[in-house]
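Chain by chain, the residues run as shown.
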Amino acid sequence: MRTSGPLLRTATLGHSSMEIRKGIPVTPGIALAEALVLDTEDFRIPTRYVEADQIKHELQLLPRAISASIDELKQQRENLERSYGRDLAAIFDFHAGVLQDAKLQREIEDMIGSKSCSAAYAVSRIFLTLQRRFSNLHDPVFAQRIKDIQDIERRLLRHLVGEEREDLEHLTKDIILVAHDLSPSMCAGLDKTRVVGVATDVGGLTSHTAIMLRSIGIPAVIGLGDFTGNVSGGEVVVIDGRRSLVIANPDLETFRRYESEIKRMQEFTHELDNLRDLPAETLDAETVSLLGNIEFPEEAEQCLRQGAEGIGLFRTEYLFIRAETEPNQEEQYQAYRQAIEAMGDRSVTIRTMDLGADKYTQTKAMEPERNPFLGLRSIRYCLRNLDFFKRQLRAILRASVHGNIRIMFPLIISLMEFRQAKMALHDAMEDLEELNIEFRRDVPIGIMIETPAAALMCQEFVREVDFVSIGTNDLIQYTLAVDRSNERVASLFTATHPAVLRLLRDVISTCNKASIDCSLCGEIAGEPLYTLLLLGLGLRQFSMASGDIPEIKRLVRSTKISHARKVAREALRFDTDRQVHNYLRDETRKLLPPENF
Ligand code: PEP
Ligand code: MG
């Protein structure tokens, strides 16, 4: 929720027409700043416009860059021919041919002249068109040529602007990051004080990238289609997470409106701050636990600042994603200890590594899996890599003496799997005993319910586990067969689907009947739309990104359980997700000021 003072003076307002896009909202904030645009391979897309007296200079740059590229190609061709023969070296003939194409050069020059843009920008746009032409031919031979086109473009740009991957850790001014996609590890490296907003072409609401962005608290809208192709570095961009909008080149009126909206939101956030020390208690005196989800130990402090009563989900795999090399047992122990000590005697639920799917293992694998979300991910990966798994379990157990922890296994689908994970934990305990290292033997052990199999087997699980936590991000994905990170099917990804509601109802009621602690740590725990429903289904522990806690607390404090039960009963009667959604939206609006929901 930031805008910087001098932005309006330096921005390119008015240079190009306003472009409004609707995407998938990740964080509800609003941000306003100049764009920094990355392409599919994380290179910066050059600034678009130049002043009129610069056009001649840009036109001169182009032939120089083309001839430098051709010289370089000749050199590489000769080297390749010497080592591997003529056939392989011929690959570069195509590259040289494209660079020597007079028609292509004229197209680039025309664009520089007619659109007043930089040579680099014109190259990136004309090559994008060329790539599209090739891919529209739907011919596998031409499809293979797309990589060559990208390669040629990259070479030419290197001679025009130099080759540097974007360094997002040392930014000198506030920016809105516009990218095709961001990996979870790129998100982990973002400088939150400088990157005030994010917009991406692809991605789904519960992709791990989205989760990271929400945790960091950066206003973000994702899944915008080809947005990177329509905005360039230095243009002003507005991120409006509440309305799922991204606006490039806002006109003056829009710009001013968003400036004042940012001010109003800052005041509202201030109001929510006052709730921090009040209990999450309904009007009929039912107490609810609001817990924080974290990826890194340093986030524990932020959870306390937002009024979290504990950590309901520590996604430990991010320690692996962030590090250059795999953290050893001691480093892991220190990370767990830091989070546990920050929380004092409040409970910290440490989830064992949930690597795989879109996290980590695919980029490291010799051969990526064909269907990684259904592949060797999460607990399956750990049980196949027992040394790796036990190293983590020993680190967690060692840290257990510093506070109040629980251990949770992810993506469990069967009792056998749970028992095997428990056996690994007992082995880790024996290892520590042999070494005379202290740990707590009575650590509660639980599972995540995030597959239909686990949800349907809840009766059996509650006999063996100490607690469960419902992971709706995956539960929705696997129940509805909708990839959580694919923007093309994002509209199908919803917890309001009656099948998901029924699973939630049954899991919560089974746990409550068996007096087994049940929390929910998927993203819907922090979405106001679901608060009444979940309270009404009997859920009393919600774990969410810490920034969502104040708003959920405000909702909890403004309703009665008796009313929430009525809402849940009614919601379960509908046949379609649309009806459920509209009904929950109307009920929630009655409790929240309209501008905030
Ligand atoms: C979930 O699946 O709901 C969950 C909390 O786990 P993650 O988002 O880390 O997969
Ligand atoms: Mg999950």
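Residues numbered from 1 in each chain as written. Chains lettered and ligands numbered in written order. Predicted model: local features only at pLDDT ≥ 70, side-chain atom pairs only at ≥ 80, totals over all residues. Heavy atoms only, no water.

### Things to note about the coordination of the magnesium ion (ligand 2)
Next, step 1: At the metal site, the magnesium ion (ligand 2) is ligated by Glu450 (OE) and Asp474 (OD), and these contacts range over 2.0 to 2.2 Å. Here aspartate 474 lies in helix 20 (residues 472-480) and glutamate 450 lies in the loop between strand 13 (445-449) and helix 18 (452-456), a separation of 24 residues in the sequence. Just as glutamate 450 is buried, aspartate 474 falls in that class too. (Donors = N, O, S within 2.8 Å, 3.2 Å for Na, K, Ca; no water. Helix = DSSP H or I, 4+ residues; strand = E, 2+ residues; numbered from the N terminus. Buried < 20%, exposed > 50% of the residue type's maximum accessible area, 1.4 Å probe, protein only.)

### Observations regarding empty space enclosed by the protein
Next, step 1: Scanning all chains against the criterion turns up three cavities of 30 Å³ or more.
Next, step 2: Taken as a whole, the largest cavity holds about 60 Å³ of empty space.
Next, step 3: Considering the residues around the largest cavity, the lining is formed by 13 residues, among which Arg315, Arg351, Glu450, Asn473 and Asp474 are closest to the centre.
Next, step 4: Counting only elements with at least two residues in the lining of the largest cavity, the list comes to strand 10 (311-315) and helix 20. (1 Å grid on protein atoms, 1.4 Å probe; cavity = no way out; pocket = protein on both sides within 12 Å on 5 of 7 lines; lining within 4 Å. Points joined across faces, edges and corners; volume = space filled by probe spheres on them.)

### Points about helix 20
Next, step 1: A large share of helix 20 lies buried, amounting to seven of its nine residues.
Next, step 2: Listed as buried for helix 20 are Thr472, Asn473, Asp474, Leu475, Ile476, Gln477 and Leu480.
Next, step 3: Where helix 20 is buried, its residues touch helix 9 (208-216), strand 10, helix 18, strand 14 (467-470), helix 21 (498-513) and strand 15 (517-520).
Next, step 4: Directly beyond the C-terminal end of helix 20, a positive phi value near 55° is found at alanine 481. (Contact = heavy atoms within 4.5 Å.)

### Comments concerning the nonpolar core
Next, step 1: In terms of nonpolar packing, the biggest core is built from 97 residues, with Tyr336, Phe389, Phe409, Leu504, Phe542 and Leu584 touching the most fellow members.
Next, step 2: Here this core gets eight residues from one element, more than from any other, and that element is helix 17 (residues 415-434).
Next, step 3: Other than its neighbours up to four places away in sequence, tyrosine 336 contacts Phe314, Thr316, Leu319, Ile350, Gln392, Ala395, Ile396 and Ala399.
Next, step 4: Counting 32 residues, the second largest nonpolar core, distinct from the first, contains Leu61, Ile66, Met111 and Leu157. (Core = buried A, V, L, I, M, F, W, Y, C linked by side-chain atoms within 4.5 Å.)

### Considerations on the pattern of salt bridges
Next, step 1: Within this structure, the stated rule accounts for 33 salt bridges.
Next, step 2: When the shortest N-O distance is used, the salt bridge between arginine 377 and aspartate 474 registers 3.1 Å. In this pair, arginine 377 is assigned in the loop between helix 14 (361-364) and helix 15 (379-384) and aspartate 474 in helix 20, connecting sequence segments 97 residues apart.
Next, step 3: For aspartate 474, a relative accessible area of 2% translates into the label buried.
Next, step 4: Across the salt bridge formed by arginine 573 and glutamate 570, the nearest N and O atoms sit 2.9 Å from each other.
Next, step 5: Residue arginine 573 is classed as exposed on the basis of its relative accessible area, which comes to 58%.
Next, step 6: Here glutamate 570 falls in the partly exposed class, since its relative accessible area comes to 27%.
Next, step 7: Each of Glu317, Arg351, Asp354, Arg377, Asp474 and Arg484 takes part in one network of salt bridges that share partners. (Salt bridge = Lys/Arg side-chain N within 4 Å of Asp/Glu carboxyl O.)

### As for the sheet that holds strand 8 (residues 245-248)
What holds strands together in a sheet is hydrogen bonding between their backbones, with the strands either parallel or antiparallel.
Next, step 1: With mixed pairing, the eight strands of this open sheet are ordered in space as 1-8-7-3-4-5-6-2. Each end of this open sheet is capped by a strand with a single partner; those strands are strand 1 (19-22) and strand 2 (24-27). Each neighbouring strand pair of the sheet contributes to a mean axis angle of 30°, computed without reference to strand direction.
Next, step 2: In this sheet, strand 7 (residues 236-240) lies alongside strand 3 (residues 30-37) in antiparallel orientation, the contact comprising five bridges. Directly across from glutamate 34, in strand 7, lies its bridge partner valine 236.
Next, step 3: Sheet strands in contact with helix 9 are strand 2, strand 5 (195-200) and strand 6 (220-222), and its direction is about 45° off that of strand 2. (Pairing = 2+ DSSP bridges. Axes fitted to C-alpha atoms, helices over the stretch in contact; angles between N-to-C directions.)

### Points about the sheet that holds strand 10
Next, step 1: Pairing within the closed barrel is parallel, and its eight strands lie in the order 9-10-11-12-13-14-15-16. Averaged over neighbouring strand pairs, the angle between their axes works out to 30° when direction is ignored.
Next, step 2: Relative to strand 16 (residues 541-545), strand 9 (residues 289-294) runs parallel, the two being bridged by five bridges. Its bridge partner lying in strand 16, asparagine 293 is registered against alanine 545.
Next, step 3: Running at roughly 165° to strand 9, helix 23 (residues 549-556) makes contact with strand 9 and strand 16 of the sheet.

### Quick notes on the confidence of the model for the protein chain
Next, step 1: For the protein chain, per-residue confidence averages 88 on the pLDDT scale, and residues scoring 70 or more make up 90% of the total.
Next, step 2: Taken as a whole, residues 1-15 scores under 50 in pLDDT and shows 40 contacts with residues more than four places along the chain or in a different chain. (pLDDT = per-residue confidence, 0-100.)

### Structural notes on unusual backbone geometry
Next, step 1: Look at asparagine 436: it is not a glycine, yet its phi comes out positive at around 60°.
Next, step 2: According to the relative accessible area criterion, asparagine 436 is exposed, its value standing at 73%.
Next, step 3: The phi dihedral of alanine 481 is positive, around 55°, even though this residue is not glycine.
Next, step 4: Note on placement: alanine 481 falls in the loop between helix 20 and helix 21.

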